[in-house]
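Survey of secondary and tertiary structure
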There are 2 protein chains.
Amino acid sequence: MPLRAMLPLPLLLAALAVAAAAAGAPRPHPLDPLSAAELIAVRAAVLASPLVPARPLTFHYVGLDEPDKPDVLSYAYGGGGGASRHALPRRAFVIARAGGESHELRVDVANASSPSVLSHAVHRGAGFPTLTLEEQFAAVALPPKHPPFVESVRRRGVDMDDVLCAVFPVGWFGGDGEPRRSRVAKVLCFVAGATANFYARPLEGVTLVVDLDRMAIVGYRDRVAYPVPKAEGTDYRAGKAGPPYAGPAPAPGVVVQPEGRGFHIDGHVVRWANWEFHVGFDMRAGTVISLASVHDADADAGGARRRRQVLYRGFVSEIFVPYMDPVEEWYYRTFLDAGEYGLGLWAFPLQPGGDCPANAAYLDGHYSGQDGRPVEARNMICVFERYSGDVAWRHTEAGFPNQLITEVRPDVSLVARMVVSAGNYDYILDWEFKTSGSIKLVVSLTGLLEVKATAYAHADEVAQDAHGTLVAENTIAVYHDHYVTYHLDLDVDGTNNSFVKNIVTAVVRDADADAAADTPRRSYWTVRREVAEREADGQVDLGGGAPADLVFVNPGKKTRMGNEVGYRVVPGGATAASVLADDDFPQRRAAYCKKQVRVTPYSRSEKWASGLYADQSTGGDGLAAWSERDRAIRGEDIVLWYTVGLHHVPYQEDFPVMPTLSGGLELRPSNFFERNPLLTTMPIGHGRPLVNCSCAGGDSISR
Amino acid sequence: MPLRAMLPLPLLLAALAVAAAAAGAPRPHPLDPLSAAELIAVRAAVLASPLVPARPLTFHYVGLDEPDKPDVLSYAYGGGGGASRHALPRRAFVIARAGGESHELRVDVANASSPSVLSHAVHRGAGFPTLTLEEQFAAVALPPKHPPFVESVRRRGVDMDDVLCAVFPVGWFGGDGEPRRSRVAKVLCFVAGATANFYARPLEGVTLVVDLDRMAIVGYRDRVAYPVPKAEGTDYRAGKAGPPYAGPAPAPGVVVQPEGRGFHIDGHVVRWANWEFHVGFDMRAGTVISLASVHDADADAGGARRRRQVLYRGFVSEIFVPYMDPVEEWYYRTFLDAGEYGLGLWAFPLQPGGDCPANAAYLDGHYSGQDGRPVEARNMICVFERYSGDVAWRHTEAGFPNQLITEVRPDVSLVARMVVSAGNYDYILDWEFKTSGSIKLVVSLTGLLEVKATAYAHADEVAQDAHGTLVAENTIAVYHDHYVTYHLDLDVDGTNNSFVKNIVTAVVRDADADAAADTPRRSYWTVRREVAEREADGQVDLGGGAPADLVFVNPGKKTRMGNEVGYRVVPGGATAASVLADDDFPQRRAAYCKKQVRVTPYSRSEKWASGLYADQSTGGDGLAAWSERDRAIRGEDIVLWYTVGLHHVPYQEDFPVMPTLSGGLELRPSNFFERNPLLTTMPIGHGRPLVNCSCAGGDSISR
C-alpha cells in the first residue's frame, strides 16, 4: 500500500477546533480521562500519521496513557516541591485496526492543537482488540440479508421484522501458532416481537460467522431447530409484566440532606469526609479510582495532619463469564467482557432515582467511536452519600452499678457507582468509601440470563444433563460462572509494600500430655506470619489451605506500638474459583481465576488480566502469564488482584430478569491507624435529630 | 428443709393484679412473649407450688413454652378452619435454682389469674442455667471487701474506688462424672477511673472464684503483677476521646417518608410489603422471628393470592467466643453468650438516631428478674425501612437499533434490629426482609476488645508468642473467635422439606481425546444433585469440599416448570470454622462450630445449640450431641443451623472501640417463585421523584 501523503487539513481543522475549545481551559489533572478536545486531537494525529497509511482505519481503544507513577505521586503528594500539572505529559494510547493489522500508537496531546504520534508498533502476537460498537451494529445488520438465514427464520415461523441479532466473540480453541487468523465473531439471533427481552427467545441452532474486517458473512450453520420460547412472561418493561404487585408496596422514602451534600467534586477529584480520590473513566475498565488517600486525625510528629496514601489505582480489569454447555452453539461462550466488549463502552446512562438515589451527583465520560470521534457518555458514574441506618461503632456499658453508658455513631458512607450492561447482564459496580478508612468493593449482578431454547416444556421431560435449569417452557438457563477481577494498586503509606499472610495456626496438645501441661487448654490458635517473597507466594486460594488474614503492609512504617501499617482484604461472599481444566481453552485465556487473590509487582503495562488483546487471545499475555516470572514482591511496589467469583446455577427467580445478587470485598485498615479513626467523631447532627421533614412531589421525570 | 405451707396470699394478690390488668385485654398471639401480667402469674405459681419448697428460689430463665407446632401452624395458616387463639395454650418454661438444684417447671398461664404448674423436674445432668443479672451484680460487689484483693489493688497502686469487676463463667475442663459440682464463676477486676473503658485496664493476674449459690468468695489468686494500662486513649465517650475529627464530617442526612411508614405492627405481628412475620423476645435468644410468610403475586390455580410459608422460627441460638491464650487468667474464657449470659438479658435500649434511623419504630420486651418479677426492657428491637440506594433489579437494553431501553427498580428493605452488649462486645443482629423474598441475616461486631495487661510497651519487645496484638502500651488484645449460630426452622411452603446440595461438578476430558470429541471444550461443570438422607449428610464445611448451592426444598411442591420449590443459603463473608482440637474442652462444649451448616429434624426441645444448661456444660447436650443420632432429614420437618464465624486477629483500629465488621447470610428463594417476584413492581413513587424536601431541626434528645 503506497504511503499516503500527509494531509494537513484535518489536522489543521482539528487544531483550530481544539484551540478554540481549549482557550482558557485549565490544565487537566494528570489522570483525567482524555477530554473531547484531546480525543479529537488524537484522532487527527493518528489519521495524519504516515505510520499507518492503510484505510479504513478503525479505533478500537483510546485511553489515557498515564504519566509515570513516580511523577504522578510527586504531583499528588509531593507538596510544594512536587511536580506541577504542567510538567506532566498528556498522552493517549491507541489501538487501531488498519490493513488487517492491529496498531499500537502513543500520541502526545499535551498541546491539543499540535498533537504528535510518539510511537507506533504493529501487534504480531495472537488476539485482537476490543470490538467497536459500530462494527457490532453493522454485523448484526447482515443476517436479514443472508438468504440461508431468511430461510431458517421462515422455517421457524418467525417474522423477520421481529428478529434481532448480537455479536459473540469466538474465543480460541486451539492452533497456537497461526500467524494470521481472521478477526471473526459469531452472530446469534433472537426474536423480540411482543417482548423487549429477545435474549429469552433465541433462534437456537442458528450460527453465523462474520469476518469483522471484511464485514461479511463467512460462515453459516442451521444445525437443529427448537421451538422459539414464547414472548409471554419474558418482558421486564413497566406495565408489560402482568398483574399488579401483591401486597402493599413499600412506602416511598428519600434521603434528605438539609445542609446539602457533604462531598465536593472538583473536576474529577472527589473530596468527602476524610477521603480524597480521583475518579476517571476508561472505555475498557469503566470507573478508575486513583490517588485515594485518607486524612489521619492523629497528627504526625511535627503536628501536621497527614494525608496518607491508600490506593494508587483501582479498576475492574476483567469480567470473565464462561458458560457450561459444550454444545455447538454454546461451547465458545466464554466472555471477557472488559477486553472483548469494553466495560466503559457498555456502561449506559444511570437512571436518577432508580440506579442512584435523589442525593446523587453524576459524572459524564467520553470514549472514542470507531472513527475516532469523541462520543459523550452522560451519567456514567454517580456519587452519593449513603445513609443506610447502619452503625459505625457503638458500645453500651452496663458494668457501672449506677449508670448505663451508651455511645453510638451512625454510619455514613460515600458510594461511587457505575453500571455496565454488556449485552444481557447488568453489573452494578460500587466503590464504597467509609469514614473508618475502609473501601468496600461490591459487585451486584442483575439483568437477563442467557438461555437456550429446548423442546422441553417441563422438568420431568429432561432425560439427560441439560446443562442448566428449565426456567420457563422451552427455556433452559445455562450454568455459568462470573469472575470479576479487580486491579488494586494499594500503596499503603507509600509504594514500599509487602504482602503478609497472618495464618491462623492451631497449636494442639494430646490429651495424654494433660498432666504435664501448665494449662487445662488442649488447643488454641496463634498467628504465623508469612511474608510473600515472590509471586508464587502471593497467590491465594480462599477456599483452600489454612485461614489467614491477608494484609498489604508497609515494612518501612510502623505504628507507635511497632506494628507494621497495613490494609487487609476481607472477602464478602462470592469467593468461587474456576473448576475448569487447566488446559481447557477458556481457562487458559483467563488462567488467573483459580486463585482469588494474586499479587504482582507494579508495572505500568500490566493492566489487563486477560492480556492487551483479549478477543481470540491464547493466554500468552495477562495476569497469569506475567506471574509465571515469579518476580519478587517483598518490599516492592506491589499490586493486589482480587477476583470476585460466583458459580451461577440459575433459578426461576432469575427469569426473566434477575433480582440483584451481591458479593465483593472490603479493604480494611489494619494497624494503619494508631487507633479507631472514628473515635473522635461526634454523633451525626451533634445530638440534634432531624425532625419535621416534608417533601412536595415533583414532576414526572421523562423515562 | 421443711415443706412450706402453701401461702395463697401472694397467689391471690397476683390473681387480683392480673385480673385487673387483663380485663378486656385481647388474647395474645400464641407466640407472643410472656407479658408482664403473665410473668407475674408465673412467679406466683412457682412460689406457691409445693414442688419446689426450698428457699431462696431464683429465676434463671422464664420464657414462652410455645404451643405445639402443628397447632401454631393451624392457627396461622389454617384459614377459617384453623385453631383460634383461644384454643391454644399459654405456658411458660421456667428454670429456677433452689436448694442447690436446677428445677424445670412448666406453668399454665392461659388464665393469668389462676396459673398452675403443669410439670416439674430436677436437672440431674451437668451444667447450670443462665446467670442472673442480680447475682452478677452481687458477685462483683464482693472483691472490695476481700482483704487479699484489697492488698492486690494497693500493691498495684490503684484506688479501690476506681475498681470494677465482672463475672466470667468458668467453663468446664474435665471431670465428666462429677455429680455435684459447685456453681462457681470467676470474677475479674478492672480499673475505670479516668475512663469508662475499664476493659482496657485489667488488673491482670488477679482471679477470684465466687460460689454463686452461696454468694461467697471461695478462691483467690494473685499470680503475677503487670502494669495497669493507662487510661489515656481508652475512653470512647463523646468529648473524651481527644482532638476533633479530621477533615469535614459527612453531611447530615435522614430518610424521609412523606407518606409515613410502609409497615404496620399489630401487637407483635409485622406486616410490610409482601412479608408478614411475628417478632418475639426471649431472655436467652433475644429477637425471635416466627411465622414469616411471603405473599405471592402469582395466584394459585383457584385464583387466590397466596401467603406462603418461609420461616417458622428463627433466632440466634448461641454466640461462642473462645479466646486463644492458654495462660491461667485466660484459658477458660470460652464464652457462650446466649446460654451463660442471655442475649435478651444483655440487650439494652436502642438509641434512636444512632442505633436505628429516624424512621424506625421500637418494640419493648419483658424478662424475669431473679426474683421472678417482670422487668420492662424498653426499645429492645427496632423496625425500619431501609433506603440504601441499592437496586432491586435493572436492565439496560442496547440491542435495539433505534432505542435504548432502561428499566430500574430501586430497593427498599425492612430491617428488624437488636443489639446485644454482653459485657465488652456489642453484637448488632439484623434481620433484613427484601421484597425479592430474601431474608438477609447480618451480624455486625463492634464494642470493646478483651485485653491482657503486659509489661510490653512496644512490639519489638515481644520475644515470644503473645497470643494477641499489642494494640497500646502494656495492652495485648488476645486472639479469639466469634461463632454466631442461628436456629432457622425454614418451612418452605410447608413442613415437608429436604436438604439438597446442588454440587458444582467438573466434567473434564483429556486433551488426547480432543480428536474424537464432538466439542472443542475440554471441560465444563454441571450440577450433581444430592439429597441429604440423614443428619451426617446435612453437615457442611463451607471451606472444604466441592462448591455447592445448599437448598431447603419442598419435595412435594413444584413450580409449573417442575422444579422443586426451595430457598437456598448464600453465605456472605465470615465463614470461619473452629480449628480447636476436637477433644479440647471448649470445643466439646460447642462441637457444632466446625461445620457452618447443619440440618436436624425439628424437635420442640432442640433450641439451644450449647444445650439447655450451658454454664459449665460438658457437651452432652446441644446441637452436636443431637446430631449424633444421625436422624433422617429427607422429606421431614427440618431445621437449618447456620454459624457465622470469624477468626479475630485484633488490630489497633479495633482499640479502644471497634469499627463495625459485618458478616452473615442470605436466605434466597430458589425456584420458590415461578419467576422474579419483583417483575410486576412499579418503580418507587411511580416515576414521581420526591423533591423539595426540607427539615427543621428538633430539640436535643436526652442521652
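As recorded in an unreviewed UniProt entry, chain A goes by Amine oxidase and comes from Oryza sativa subsp. indica. Taken from UniProt, the Sequence similarities (unreviewed entry) comment for chain A reads in full: "Belongs to the copper/topaquinone oxidase family."

**Overview of the relation of the copies chain A and chain B**
Structural alignment of chain A on chain B gives an RMSD of 0.0 Å, achieved by rotating through 180° and translating 0.0 Å along the axis. Taken together, the rotation and translation relating the two chain copies correspond to the operation of a two-fold axis.

**Re the interface of chain A and chain B**
Counting residues at the interface gives 193 residues for chain A and 193 residues for chain B. Buried surface at the junction of chain A and chain B, both sides included, amounts to about 15800 Å², of which 58% is carbon and sulfur. Along the contact surface separating chain A from chain B lie twelve salt bridges. Asp390(A) is the partner of Arg417(B) in a salt bridge, and the nearest nitrogen-oxygen pair spans 3.1 Å. At the boundary of chain A and chain B, one finds 91 residue pairs in polar contact (both at pLDDT 80 or more). Top element by residues in the side of chain A that touches chain B is strand S34 (residues 690-697) of chain A. It accounts for eight residues. Of the residues belonging to the side of chain A that touches chain B, the class tally is 97 nonpolar, 57 polar and 39 charged. Taken together, the three bridges between strand S9 (residues 254-256) of chain A and strand S9 (residues 254-256) of chain B define a ladder with antiparallel strand orientation. Of the residues in S9(B), the one forming a bridge with Val255(A) is Val255(B).

**Digging into the sheet that holds strand S6 (residues 184-191) of chain B**
All names here are of chain B. Pairing is antiparallel across the open sheet formed by four strands, whose spatial order is S5-S6-S7-S8. With one partner strand each, in any of the chains shown, strand S5 (163-169) and strand S8 (216-222) form the two edges of the open sheet. The average angle at which neighbouring strand axes cross in this sheet is 30°, direction not considered. As paired elements, S6 and strand S7 (residues 206-211) share four bridges and run antiparallel to each other. The residue of S7 that forms the bridge with Ala-185 is Val-210. Helix H4 (residues 133-140) contacts S5, S6 and S7 of the sheet and is inclined by roughly 130° relative to S5.

**Quick look at the packing of aromatic side chains**
Residues and elements named next belong to chain B. In this structure the tally under the stated criterion is 58 aromatic pairs over all chains. Ring plane angle 80° and centroid distance 5.4 Å describe the contact between Tyr-331 and Tyr-332, whose orientation is recorded as edge-to-face. A relative accessible area of 11% places Tyr-331 in the buried class. Judged by relative accessible area, Tyr-332 falls into the buried class, the value being 1%.

**Some details on the domain arrangement of chain A**
Residues and elements named next belong to chain A. Examined at the domain level, chain A breaks down into domain 1 (29-122), domain 2 (133-241) and domain 3 (269-670). Each of domain 2 and domain 3 has a C-alpha centre, and these two points are 33 Å apart. Counting from both sides, the interface comprises 36 residues of domain 2 and, opposite them, 39 residues of domain 3. In this assembly, domain 2 packs against domain 3 so that about 3400 Å² is buried in total across both faces, 59% of it on carbon and sulfur atoms. Counting across the interface, domain 2 meets domain 3 through three salt bridges. The salt bridge involving Glu-328 is made with Arg-221; its shortest N-O contact spans 3.8 Å. Applying the counting criterion to the domain 2 and domain 3 interface returns ten residue pairs in polar contact (both at pLDDT 80 or more). If you list the elements that add at least two residues to the side of domain 2 that touches domain 3, you get helix H4 (133-140), strand S5 (163-169) and strand S6 (184-191). Ranked by the residues each element gives to the side of domain 2 that touches domain 3, the list is headed by H4, at four residues. In the side of domain 2 that touches domain 3, the residues fall into 16 nonpolar, nine polar and eleven charged.

**Regarding the UniProt feature "modified residue: 2',4',5'-topaquinone" (unreviewed entry) in chain A**
Residues and elements named next belong to chain A. The UniProt record annotates "modified residue: 2',4',5'-topaquinone" (unreviewed entry) at Tyr-425. Position of Tyr-425 among the secondary structure elements: in strand S21 (residues 425-434). The exposure class of Tyr-425 is buried, given its relative accessible area of 3%. With sequence-adjacent residues up to four places away left out, Tyr-425 is seen in contact with Tyr-323, Val-420, Leu-445, Thr-446, Leu-448, Leu-449, His-480, His-482, His-648 and Met-658.

**A closer look at H4(B)**
Counting along an α-helix, one turn takes 3.6 residues, and residues three or four places apart therefore face a common direction. All names here are of chain B. Leu-133, Glu-135, Gln-136 and Ala-139 are the residues of H4 that are buried. One side of H4 carries all its buried residues, which in axial view fall inside an arc of 165°. Residues of H4 that are buried in the fold lie against strand S1 (57-64), S5, S6, S7, helix H6 (337-341) and strand S16 (361-368).

**Let's talk about the state of the cysteines**
Residue and element names in this part refer to chain A. If you walk through the whole model with that rule in mind, you get four disulfides over all chains. The disulfide partner of Cys-356 is Cys-382, and the S-S distance across this bridge is 2.1 Å. The sign of the S-S torsion, about -85°, decides the handedness of the disulfide formed by Cys-356 and Cys-382: left-handed. Here Cys-356 is found in the loop between helix H6 (337-341) and strand S16 (361-368), whereas its partner Cys-382 is found in strand S17 (residues 374-386), with 26 residues between them in sequence. There is no split in this pair, since Cys-356 and Cys-382 are both buried.

**Describing the environment of Thr287(A)**
Residue and element names in this part refer to chain A. You can see Thr-287 is positioned in strand S13 (residues 286-296). The class for Thr-287 is buried, based on a relative accessible area of 4%. C-alpha of Thr-287 to C-alpha of Val-316: the two residues are 29 residues apart in sequence and 7.7 Å apart in space. Dropping the residues within four chain positions of it, Thr-287 is found in contact with Val-279, Gly-280, Gly-314, Phe-315, Ile-381, Met-418 and Trp-431.

Thresholds, definitions, all that
Residues numbered from 1 in each chain as written. Chains lettered and ligands numbered in written order. Predicted model: local features only at pLDDT ≥ 70, side-chain atom pairs only at ≥ 80, totals over all residues. Heavy atoms only, no water. UniProt positions renumbered as here; feature names shortened; annotations may be inferred. Least-squares fit on C-alpha atoms with pLDDT ≥ 70 in both. Contact = heavy atoms within 4.5 Å. Buried area = accessible area lost by both parts, 1.4 Å probe. Salt bridge = Lys/Arg side-chain N within 4 Å of Asp/Glu carboxyl O. Polar contact = N/O pair within 3.5 Å; in protein donor to acceptor, adjacent residues only side chain to side chain. Helix = DSSP H or I, 4+ residues; strand = E, 2+ residues; numbered from the N terminus. Nonpolar A, V, L, I, M, F, W, Y, C, P; charged D, E, K, R; others polar. Pairing = 2+ DSSP bridges. Axes fitted to C-alpha atoms, helices over the stretch in contact; angles between N-to-C directions. Phe/Tyr/Trp six-rings, centres within 6.5 Å; stacked < 30°, edge-to-face > 60°. Buried < 20%, exposed > 50% of the residue type's maximum accessible area, 1.4 Å probe, protein only. Domains from an automatic or database assignment. Arc of directions from axis to C-beta. Disulfide = S-S within 2.5 Å.

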